[in-house]
Amino acid sequence: MRVELLSDVKKRNNRETVMSKMNRTFALRRQEVIFDAPMICNLQERWPALFHPAEINAEFKRITTMPLQSRFLSQLDYLSESLLKVFAKRSGQQGKKLKDIAAMMTDDIVACRESLIKGLCVYLNENPDILVQEYTDMTEATALSAEKTTVGIYVSRDTPGNYSFDVGIIIEGVVVLKDLDNVAIAVAMLFELLYSVNMSYPSQLRYTFEVIQKVVMGLDA
């Protein structure tokens with residue numbers, strides 16, 4: 001069935017078949033992930049469906065019985081006012097950075113969510129530029145930079161600060177997802193992938209992901 005899935009994911013309008021087989025192979029896949037701890041590139045070869053947004057959401061629900069994307073975004077929106085109050089209490093250089101991030105927040109909910117996530121990194125003394133790497137074009141030089149990334153999100157914009165036209169996820173130097181809608185969705189997907197493939201959170205972003213897990217998602221709170 002795992003081998004059948006390799007060709008099933010390439011067929012158009014085959015979502016129900018893929019989901020059914022992914023459901024039935026869940027126990028095998030979890031055993032493989034936990035006991036064999038394969039590299040991401042190997043996991044991608046054996047279970048390519050696991051790296052599609054719809055299946056990422058489905059896999060998270062299989063593991064936790066909880067919806068991923070809808071819960072992450074709704075909880076981030078719900079916590080936004082409290083987070084901004086907490087950010088405002090910080091002083092010094094860190095407080096200035098948080099004020100600058102807060103000043104970038106507009107009525108655009110997509111931009112607000114991205115700013116909140118970056119503000120959370122700053123508040124926890126972590127670097128948001130490690131989580132989200134921005135490029136104005138994906139040239140060979142930036143591709144080489146991506147290969148050195150252990151865990152992160154890349155954002156390609158036509159000019160700095162403008163809307164992104166490509167958002168993707170890198171794990172172990174491999175682009176595992178691309179063409180995502182925005183940074184907030186990419187963070188949700190990255191969190192789920194780390195959670196489902198049983199990877200430790202990257203040390204430079206450990207606290208940010210712990211807050212996402214325990215506060216935003218309410219897992220092992």
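Here the structure is a predicted model, which means the values were calculated and not measured.

**Digging into the overall build of the protein chain**
Thinking step 1. Along the backbone of the protein chain there are twelve helices and four strands.
Thinking step 2. Expressed along its principal axes, the backbone C-alpha trace of the protein chain runs to roughly 55 × 40 × 30 Å.
Thinking step 3. The long-range share in the protein chain, meaning contacts at least 24 apart out of those at least 6 apart in sequence, stands at 52%.
Thinking step 4. Side-chain charges in the protein chain split into 26 positive and 28 negative, and the spacing between the mean points of these groups amounts to 5 Å.

**Brief notes about the pattern of salt bridges**
Thinking step 1. Summed over all chains, the structure comprises 14 salt bridges.
Thinking step 2. When salt bridges with common partners are traced through the structure, they connect R15, R29, E55, E59 and R62 into a single cluster.

**Details of the layout of surface pockets**
Thinking step 1. Looking at the second largest pocket, its volume works out to about 170 Å³.
Thinking step 2. Lining the second largest pocket we find D8, V9, K11, N14, R15, V18, A49, H52, P53, A54 and E55.
Thinking step 3. Only α2 (15-24) and α5 (53-64) provide two or more residues apiece to the lining of the second largest pocket.
Thinking step 4. Take the lining of the second largest pocket: its biggest share by element is three residues, from α5.
Thinking step 5. Counted by class, the lining of the second largest pocket contains five nonpolar, two polar and four charged residues.

**Description of helix α6 (residues 69-88)**
Because each turn of an α-helix spans 3.6 residues, side chains separated by three or four positions end up pointing in the same direction.
Thinking step 1. For α6, spanning 20 residues, the distance from its first C-alpha to its last is 27 Å, which sits close to the expected 28 Å at 1.5 Å a residue.
Thinking step 2. Its maximal kink placed at S80, α6 deviates by approximately 50°.
Thinking step 3. Every buried residue of α6 is accounted for by F72, L73, Q75, L76, L79, S80, L83 and F87.
Thinking step 4. Residues of α6 that are buried make contact with α7 (92-103), α8 (109-123), α11 (183-196) and α12 (206-216).

**Remarks on the nonpolar core**
Most often, soluble globular proteins keep nonpolar side chains buried together rather than apart.
Thinking step 1. Of all hydrophobic cores here, the largest spans 60 residues; its most connected members are F72, L131, I169 and M217.
Thinking step 2. With eleven residues, α11 is the largest single contributor of residues to this core.
Thinking step 3. Ignoring sequence-local partners within four residues, the contact set of I169 consists of G152, I153, Y154, V174, V175, V176, L177, L180, A186, M189, L190 and L193.

**Notes on the packing of α5 against α11**
Thinking step 1. Their axes nearest at 10 Å, the elements α5 and α11 cross at an angle of 50°. As judged from the angle between their axes, α5 and α11 are oblique. In terms of crossing hand, the pair formed by α5 and α11 is left-handed. Here P53, I56, N57, E59, F60, I63 and T64 of α5 lie close against α11, whose contacting residues are M189, F191, E192, L193, Y195 and S196.
Thinking step 2. Classifying every residue of the contact of α5 with α11 by side-chain character gives eight nonpolar, three polar and two charged.

**Some details on unusual backbone geometry**
Thinking step 1. We note that T65 has phi near 65°; this positive angle belongs to a residue other than glycine.
Thinking step 2. Locating T65 in the fold gives a position in the loop between α5 and α6.
Thinking step 3. For T65, a relative accessible area of 66% gives the class exposed.
Thinking step 4. Despite not being glycine, D179 has its phi angle at roughly 60°, a positive value.
Thinking step 5. Structurally, the position occupied by D179 is in the loop between β4 (174-177) and α11.

Procedures and definitions
All residue numbers refer to positions counted from 1 along the written sequence of the respective chain. Owing to the predicted nature of the model, reporting of local features is limited to residues with pLDDT of at least 70; listing and counting of side-chain atom pairs is limited to 80 or more, with chain, interface and lining totals taken over all residues. With hydrogens and water excluded, all non-hydrogen atoms of the structure serve as input to the side-chain values. Secondary structure counts use DSSP, requiring at least four H or I residues in a row for a helix and at least two E residues in a row for a strand, with both numbered from the N terminus. Between two residues, a contact is recorded if the distance between any of their heavy atoms is within 4.5 Å. Under the convention used here, Asp and Glu are negative, Lys and Arg are positive, and both His and the chain ends fall outside the count. Every charge is mapped to an atom, namely NZ of Lys, CZ of Arg, CG of Asp or CD of Glu. Only one rule defines a salt bridge in this text: a Lys or Arg side-chain nitrogen within 4 Å of an Asp or Glu carboxyl oxygen. Note on definitions: the grid is 1 Å and covers protein atoms alone; a cavity is a set of points where a 1.4 Å probe fits but cannot get out; a pocket is an open set with protein on both sides within 12 Å along at least five of seven lines; lining residues have an atom within 4 Å of a point. Grid points are joined across faces, edges and corners, and a volume is the space filled by probe spheres set on the points. Side-chain classes are defined by residue name, with Ala, Val, Leu, Ile, Met, Phe, Trp, Tyr, Cys and Pro counting as nonpolar, Asp, Glu, Lys and Arg as charged, and the others, Gly among them, as polar. Multiplying 1.5 Å by the helix residue count minus one yields the expected span of that helix. Note on bend: at a given residue it equals the angle between the axes fitted to the 7 residues ending there and to the 7 starting there. Accessibility here uses a 1.4 Å probe with only protein chains present; expressed as a share of the type maximum, an area under 20% marks a residue as buried, one over 50% as exposed, and anything in between as partly exposed. Note on terminology: a nonpolar core comprises buried Ala, Val, Leu, Ile, Met, Phe, Trp, Tyr and Cys residues joined through side-chain atoms within 4.5 Å. To get an axis, a line is fitted to the C-alpha atoms, and for a helix only the part in contact is used. The angle between two axes follows their N-to-C directions and goes from 0 to 180 degrees. Here the word oblique covers every angle except those under 35 degrees (roughly parallel), over 145 (roughly antiparallel) and from 65 to 115 (roughly perpendicular). Each crossing is labelled by how the near helix is turned from the far one, with a counterclockwise turn of less than a right angle marking it left-handed and a clockwise turn marking it right-handed.

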